[in-house]
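# Observations on the three-dimensional arrangement
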Amino acid sequence: QVQLVESGGGLVQAGGSLRLSCAASGSIFSLNVMGWYRQAPGKQRELVAEISSGGSTNYADSVKGRFTISRNSAQNTVYLQMNSLRPEDTAVYYCHARRVSGAIKIGPDYWGKGTLVTVSS
């Protein structure tokens, strides 16, 4: 089993910054893709950013240039640095992890319980 625990959510003013952290524990071996999704009220959950063990990244168009995802050397913690926050960034942010072989997912998706980010105007 893999456990993902998010931290760092909260309230921030528009234009401000926030840093989310996700700590993975348990059977983290070969957990080679980690990232963040978010879900705003009335909207579908969407990918925000993800990073592979090889360092490749993928961002939603709406956050490119504003958010940066990173991963520590032990690959057990992933971060999301969020700058220039906008009210439309308000959502519950979920840590996500999976194992892949190339583009093929292996095994289950793992999810954190989510952390609320609220951006005030």
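Residues numbered from 1 in each chain as written. Predicted model: local features only at pLDDT ≥ 70, side-chain atom pairs only at ≥ 80, totals over all residues. Heavy atoms only, no water.

Let's shift gears to the pattern of salt bridges. Summed over the entire model, instances satisfying the criterion amount to six salt bridges. As a salt-bridge pair, Arg 98 and Glu 50 come within 2.9 Å of each other at their nearest N and O atoms. Note that Arg 98 is positioned in strand β9 (residues 91–101) and Glu 50 in strand β5 (residues 46–52), a separation of 48 residues in sequence. The two residues Arg 98 and Glu 50 agree in class, both being buried. With a shortest N-O distance of 2.7 Å, Asp 89 and Arg 66 are connected by a salt bridge. Of this pair, Asp 89 sits in the loop between β8 (77–82) and β9 while Arg 66 sits in the loop between β6 (57–59) and β7 (67–71), placing them 23 residues apart in sequence. Across the pair, exposure class does not vary: Asp 89 and Arg 66 are buried alike. Within the structure, one salt-bridge network assembled from shared partners comprises Arg 38, Glu 46, Arg 66 and Asp 89. (Salt bridge = Lys/Arg side-chain N within 4 Å of Asp/Glu carboxyl O. Helix = DSSP H or I, 4+ residues; strand = E, 2+ residues; numbered from the N terminus. Buried < 20%, exposed > 50% of the residue type's maximum accessible area, 1.4 Å probe, protein only.)

In this section: the state of the cysteines. Considering all chains together, one arrives at one disulfide under this definition. With its sulfur 1.9 Å from that of its partner, Cys 22 forms a disulfide with Cys 95. Measuring the twist about the S-S bond at about -85°, one finds the Cys 22-Cys 95 disulfide to be left-handed. Taken together, the positions of Cys 22 in strand β3 (residues 18–26) and Cys 95 in strand β9 put the pair 73 residues apart, joining distant regions of the chain. Accessibility classification places Cys 22 together with Cys 95 in one group, the buried group. (Disulfide = S-S within 2.5 Å.)

Below, the discussion takes up the side chain of Ser 21. Tracing the backbone through its elements, the reader meets Ser 21 in strand β3. Looking at Ser 21, the relative accessible area reads 14%, which means it is buried. If sequence neighbours within four positions are ignored, Ser 21 has contacts with Val 5, Glu 6, Ser 7, Trp 36, Val 78 and Tyr 79. (Contact = heavy atoms within 4.5 Å.)

Quick look at the pairing of strand β4 (residues 33–39) now. Counting buried residues in β4 gives six out of seven residues, a clear majority hidden from the surface. Pairing of β4 with β5, which is carried by six bridges, proceeds in the antiparallel orientation. Each residue of the ladder has a partner; that of Arg 38, found in β5, is Glu 46. Taken together, β4 and the strand that follows it, β5, pair antiparallel across an intervening segment of six residues, in which Gly 42 is found at a positive phi of about 75°. Pairing of β4 with β9, which is carried by seven bridges, proceeds in the antiparallel orientation. Bridge pairing in β9 links Gln 39 to Val 92. (Pairing = 2+ DSSP bridges.)

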